[in-house]
Amino acid sequence: MEKRTFLKLSSAILTGSMLSPLSAWRQREKLKNWAGNYEYSTDRLYFADSFEEVPEMVKQYKKLKVLGTRHCFNGIADSTDNFISLKTLDKPIVLNREAMTVTVGAGLRYGQLAEWLHGNGYALHNLASLPHISIAGACVTGTHGSGVNNANLSSAVEAMEFVTASGEIKKLSRQQDGEAFSACVVNLGGIGVITKITLNIQPTYMMRQDVFQNLPLKELENHFDEIMSSGYSVSLFTDWQNEIVSQVWIKRRMDAADSGQSASGFWGAKPATRNLHPIVALSSENCTEQMGVPGPWHERLPHFKMNFTPSSGKELQSEYFVPRENSYKAILAVSKMQKLISPHLLISEIRTIKEDHFWMSPCLMRPSTTIHFTWKKDWPSVRKLLPLIEEQLEPFHARPHWGKLFTMSPARLKFLYVKLPEFQQLLRQYDTNGKFRNAFLNKYLYQV
């Protein structure tokens, strides 16, 4: 029997209120994340066939975690006991045209929702570089796109429904629950099983994407804000060599005043003459269309196409958020480590994100610039480098991306997240006996 067929049949077999574990699959392969760098501590994986099943599944187990699209690079979603998958709970999609919202099942991926929204005349405010990630997983970890006026993906959340450790269905909304809502959106998987999310939407729009090459790094000192404001969403790619930004990706809305312009020069950078991959030696086939060709928002905002695998997955990722006013100083601090970094790096990306009010968001109360590292798959070397990078970024109060690799101490994170003690209390309120705790949450949230 093919594995796909076996998984489908296994997820349909219900014993009492529960599904049977995938025991035959467990004997054939281990559960790993998308990049293959992290092996999960159990392969007891259960599939929910309906929203009504989820509370009963939660009640049955003493320990449980949700396994999403597996795009995290660390153990934030790991479990030594049991996993539940909401992959099949991607419908219905409920559109509220009057409120300008859409409500979706937690198993839905951004790429799937984006195509549906565009087909119905609507759009989201932003997307991450990968459209393959699940909506719930991206929101609870503070995942983001880019744009000086664009907050992270969680900022689109208007309401959410989740199942607490006791099996209670809890609903929170921005309008009715205020601070409690702000506490729970970026929740790191600690408050329960997210089942439905309501997102703010807007009328659909068209975009173009232009790429410039070889921007002198020095230009960021006096023109960082201008450069990062040159489009709706802007990304800088560099390998930290030769004191240049190798590529600038500018995504402009066609309804913007300058959308039809493509300057011949860009602070010393030159327009690309062909579509490019962020790593210039790789094929651009799986990248979204460039060269100023107009297209729908969901086919320009991500860097990679939904129907293509963005890479082989043979990589590691780290990312740090610094206050925007410290952008150039932080970039310069990393640039000075070029000789240490370059041998282990595939590419770095620099983006900007508007501030938000979510307690555990890396952008809490501060506009941020992120410095992202896509590493070669060599964890022993990267593990030695990360403390050095974090030391250089410490003066700027850099916060790590929750779903990527970092080595900061729990005490340092407590200092960086002023709401962390209150968040601990919140988790104990929804999960008194630690049903949704794991080693990651115990280390960084409970033991500080």
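In this text the structure is predicted, and so the values were computed from the model without any measurement.

About the criteria used
Residues numbered from 1 in each chain as written. Predicted model: local features only at pLDDT ≥ 70, side-chain atom pairs only at ≥ 80, totals over all residues. Heavy atoms only, no water. Phe/Tyr/Trp six-rings, centres within 6.5 Å; stacked < 30°, edge-to-face > 60°. Helix = DSSP H or I, 4+ residues; strand = E, 2+ residues; numbered from the N terminus. Buried < 20%, exposed > 50% of the residue type's maximum accessible area, 1.4 Å probe, protein only. Lys NZ or Arg CZ within 6 Å of the ring centre and 35° of its normal. Pairing = 2+ DSSP bridges. Contact = heavy atoms within 4.5 Å. Salt bridge = Lys/Arg side-chain N within 4 Å of Asp/Glu carboxyl O. Polar contact = N/O pair within 3.5 Å; in protein donor to acceptor, adjacent residues only side chain to side chain. pLDDT = per-residue confidence, 0-100. Core = buried A, V, L, I, M, F, W, Y, C linked by side-chain atoms within 4.5 Å.

Colleague: Can you tell me about the packing of aromatic side chains, naming the residues and giving the values?
Modeller: For the coordinates displayed, the defined rule picks out 17 aromatic pairs. Relative to Y430, the ring of F162 has its centre 5.3 Å away and its plane inclined at 85°; by these criteria the two rings are edge-to-face. Pair noted here: F162 is in strand β9 (residues 157–163) and Y430 is in helix α12 (residues 420–430), with a separation of 268 residues, a long-range link. The two residues F162 and Y430 agree in class, both being buried. Their ring planes at 85° and their centres at 6.2 Å tell us that F406 and F440 sit as a pair that is edge-to-face. Of the two residues, F406 sits in the loop between β21 (399–400) and α11 (410–416) while F440 sits in helix α13 (residues 439–446), which places them 34 residues apart along the sequence. By relative accessible area, which is 8% here, F440 ends up buried. Among the aromatic side chains, those forming a connected cluster through ring pairs are Y38, Y40 and F83. Between R437 and the ring centre of Y446, over which it is positioned, the NZ or CZ distance is 3.5 Å.

Colleague: So what's going on with the pairing of strand β15 (residues 244–253)? Residues and values would help.
Modeller: Most of β15 is tucked away, with nine of its ten residues classed as buried. One ladder, built from nine bridges, connects strand β13 (residues 206–216) with β15; its direction is antiparallel. Bridging from a neighbouring strand, M207 pairs with R253 of β15. The sheet contact formed by strand β14 (residues 233–238) and β15 spans five bridges and is antiparallel. Note that in β15 the partner of V234 across the bridge is I250. Where β14 folds back on β15, the antiparallel hairpin that results is connected by five residues, among which W240 adopts a positive phi of roughly 70°.

Colleague: Requested: an account of the environment of R437, with residues and values cited.
Modeller: Within the secondary structure, R437 sits in the loop between α12 and α13. For the pair R437 and K65, spaced 372 residues apart in sequence, the C-alpha to C-alpha distance is 8.0 Å. Apart from residues lying up to four places away in sequence, R437 is in contact with K63, K65, R428, D431, N442 and Y446.

Colleague: Would you mind going over the sheet that holds strand β5 (residues 83–85) in detail, with residue names and values included?
Modeller: Judged by pairing direction, the sheet is parallel, and its three strands sit side by side in the order β3-β5-β4 without closing on themselves. The open sheet has two edge strands with one neighbour each: β3 (45–47) and β4 (65–66). Summarising the sheet, β3 and β5 pair through three bridges and their orientation is parallel. Its bridge partner being in β5, L45 is matched across the sheet by F83.

Colleague: Tell me about the pattern of salt bridges, residues and numbers included.
Modeller: Taken as a whole and judged by the stated rule, the model has 13 salt bridges. For K59, the salt bridge goes to E56, with nearest N and O atoms at 3.6 Å. Of this pair, K59 and E56 are both found in helix α3 (residues 53–60), three residues apart, which corresponds to roughly one turn of the helix. K419 is the partner of E422 in a salt bridge, and the nearest nitrogen-oxygen pair spans 3.6 Å. Its relative accessible area of 35% is what places E422 among the partly exposed residues.

Colleague: Explain the side chain of S318 to me, and be specific about the residues and the numbers.
Modeller: If you trace the backbone, S318 turns up in strand β18 (residues 316–323). For S318, the side chain forms a polar contact with the main-chain oxygen of L405, separated by 2.9 Å. Non-local contacts of S318, meaning those with residues more than four positions away in its chain, are made with I371, H372, F373, W375, L386, K404 and L405.

Colleague: Tell me about the environment of W379, residues and numbers included.
Modeller: On the secondary structure map, W379 appears in helix α10 (residues 379–393). Every residue in contact with W379, bar those within four places of it in the chain, is listed here: L316, L386 and L405.

Colleague: Lay out the confidence of the model for the protein in plain terms, naming residues and giving numbers.
Modeller: Mean pLDDT for the protein: 91, with 91% of residues reaching 70 or above. Ignoring residues within four places in sequence, the model shows residues 1–27, a span with pLDDT below 50, making 47 contacts including any to other chains.

Colleague: Lay out the nonpolar core with the relevant residues and their values.
Modeller: Counting 118 residues, the largest nonpolar core has L220, L236, W297, M360, F373 and W375 as the members making the most contacts within it. Leaving out residues up to four positions away in the same chain, L220 has contacts with L215, I227, L236, V245, Y328 and I331. In terms of nonpolar packing, the next biggest core, distinct from the first, is built from nine residues, F237, L276, F304 and I347 among them.

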